[in-house]
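Listed here are the chains, written in short residue letters.
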Amino acid sequence: MASGIRDKVAILGMGCARFGERWNDDAEQLMVEAYLEAIGDAGIETSQIDAAWLSVGFDAMNIGPSGVPAAMALRLPNIAVTKVENFCASGTEAFRGAVYAVASGAADIALAVGVEKLKDTGYGGLPVRTRGTMLDMIGVVGSAPGSFAQLGSAYQARHAIDRADLKRSMAHISVKSHANGAKNPKAHLRKVIDIDTVLNAPMIADPLGLYDCCGVSDGASVAIVTTPEIARALGKKDLVTVKALQLAVSNGWELQGAGWDGSYVHTTRVAATRAYQEAGITDPGAQISLMEVHDCFSITELVTMEDLHISKEGQGWKDVLDGRFDADGANPCQIDGGLKCFGHPIGASGLRMIYENYLQLLGRAGDRQRSTPPVFGLSHNLGGMPNQNVAAIAIVGLEGA
């Protein structure tokens, strides 16, 4: 593998709109809300931005096929704006474009914007097949809840886990996310729940109940990146730098049935291995002190703990129940509420995850701030289904770590 981008790029500023049912705001207003926070945090003028990337997952009906809406909403100075799509990994894809532009020397300061008005599409829950498009999220593999339910069943079978134990572990994840989200003023769902509420909720796709599924939300997130040298010249002292940024895309191996049993996500394991190598991390369980992972369903978070090599294989469910990933645990996960409670506007989620890690690293996360700021923060996106997907991993940390 090439030497990578470790410490070649610093995050100059970030911003995030409030996620939720933003019926009265259009995509442009959400972008502006996140951008104003980011540009204020960065301490620069819009005229200093050299290039931008815009990520949108499904919302083509409101954004269109180009970067023009972002350029117009943010009054960007006639710079290149590239619109990117990569399923639920779209936000990290935009970040990758901006980071690579700076790392290569093609831009001094670059912008990544992620936005989605998912509520306006009508997408949510178990959709009705009406259009025969990806907006319905129904194809040869069925619905999203159905596909990830199969991940849960396969994980249970492979590791011979009692169904009640698996359900309780998944419920613990949901309870944890709701407790964390309740402390976050920008989260969509801010209500604390108990484990009995989760276990007794209506079934969506066995073993996934209602509270095992993330919400459908509107929102936007923004990152402004530059070189560490430029950041210091602009007066920044504590720098958050990019340690690793990796994507792995399915190539059809999972669909062949020759070696994959459906109990894990192969691309996440590939991306994680590459990311740790790039970041110089040799013991992720000990070195990764904060995580934001793609908890579209509670089972996804559980399995991801093993795919990221944080938990030993077949032991992730036990680590969940032991509180390892709670806000006060050894490896806190979804300390901002995650997709489950912060919400999942597809194009914005990857950047939102990085935003939380950025705030935590700088000690600026308010009521949910870790008492000991983390050293490395990892974010993980999973776009698509367990058998055909894009896995994206970004690792950020303080300069010098």
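Presented here is a report on the structure given in the accompanying data block. (Residues numbered from 1 in each chain as written. Predicted model: local features only at pLDDT ≥ 70, side-chain atom pairs only at ≥ 80, totals over all residues. Heavy atoms only, no water.)

**Quick word on the nonpolar core**
Part 1 of the argument: Counting 54 residues, the largest nonpolar core has Tyr276, Met291, Leu302, Leu308 and Ile395 as its most contacted members.
Part 2 of the argument: In this structure, isoleucine 395 is in contact with Thr241, Val242, Lys243, Ala244, Ala275, Tyr276, Ala279, Ile281, Phe376, Gly377 and Leu378, ignoring residues within four places of it in sequence.
Part 3 of the argument: Counting residues in hydrophobic clusters, the runner-up holds 35 residues, among them Ala51, Ala187, Phe342 and Tyr355. (Core = buried A, V, L, I, M, F, W, Y, C linked by side-chain atoms within 4.5 Å. Buried < 20%, exposed > 50% of the residue type's maximum accessible area, 1.4 Å probe, protein only. Contact = heavy atoms within 4.5 Å.)

**Quick word on the sheet that holds strand β11 (residues 388-398)**
Hydrogen bonds between backbone groups are what pair the strands of a sheet, and the pairing can be parallel or antiparallel.
Part 1 of the argument: Pairing is mixed in the open sheet, where nine strands are placed in the order β3-β2-β4-β7-β1-β8-β11-β10-β9. Looking at the sheet topology across the chains shown, the edges are occupied by β3 (80-84) and β9 (290-292). The mean inter-strand angle of the sheet, taken between neighbouring strand axes irrespective of direction, is 25 degrees.
Part 2 of the argument: Across six bridges, strand β1 (residues 10-16) lies against strand β7 (residues 218-226) in antiparallel orientation. Paired with isoleucine 11 across the two strands is valine 225, which belongs to β7.
Part 3 of the argument: Packed on one face of the sheet, helix α16 (residues 346-361) meets β1, β2 (51-55), β4 (109-117), β7, β8 (240-249), β9, β10 (376-385) and β11 and runs near 115 degrees to β1. (Pairing = 2+ DSSP bridges. Helix = DSSP H or I, 4+ residues; strand = E, 2+ residues; numbered from the N terminus. Axes fitted to C-alpha atoms, helices over the stretch in contact; angles between N-to-C directions.)

**What to know about the environment of glycine 114**
Part 1 of the argument: Note on placement: glycine 114 falls in strand β4.
Part 2 of the argument: On the basis of relative accessible area, glycine 114 is assigned to the buried category, the value being 0%.
Part 3 of the argument: Residues contacting glycine 114, with those up to four places away along its chain left out, are Ser55, Gly219, Ala220, Ser221, Gly347, Ala348 and Leu351.

**With respect to the packing of helix α4 (residues 90-104) against α16**
Part 1 of the argument: At a minimum axis separation of 5 Å, α4 and α16 run at an interaxial angle of 65 degrees. Between α4 and α16, the angle falls in the class roughly perpendicular. On α16, the residues touching Ser90, Gly91, Thr92 and Phe95 of α4 are Gly347, Gly350, Leu351 and Ile354.
Part 2 of the argument: Here the residues of the contact of α4 with α16 are counted per class, giving three nonpolar, five polar and no charged. (Parallel < 35°, antiparallel > 145°, perpendicular 65-115°, else oblique. Nonpolar A, V, L, I, M, F, W, Y, C, P; charged D, E, K, R; others polar.)

This is a description of form; function is not addressed.
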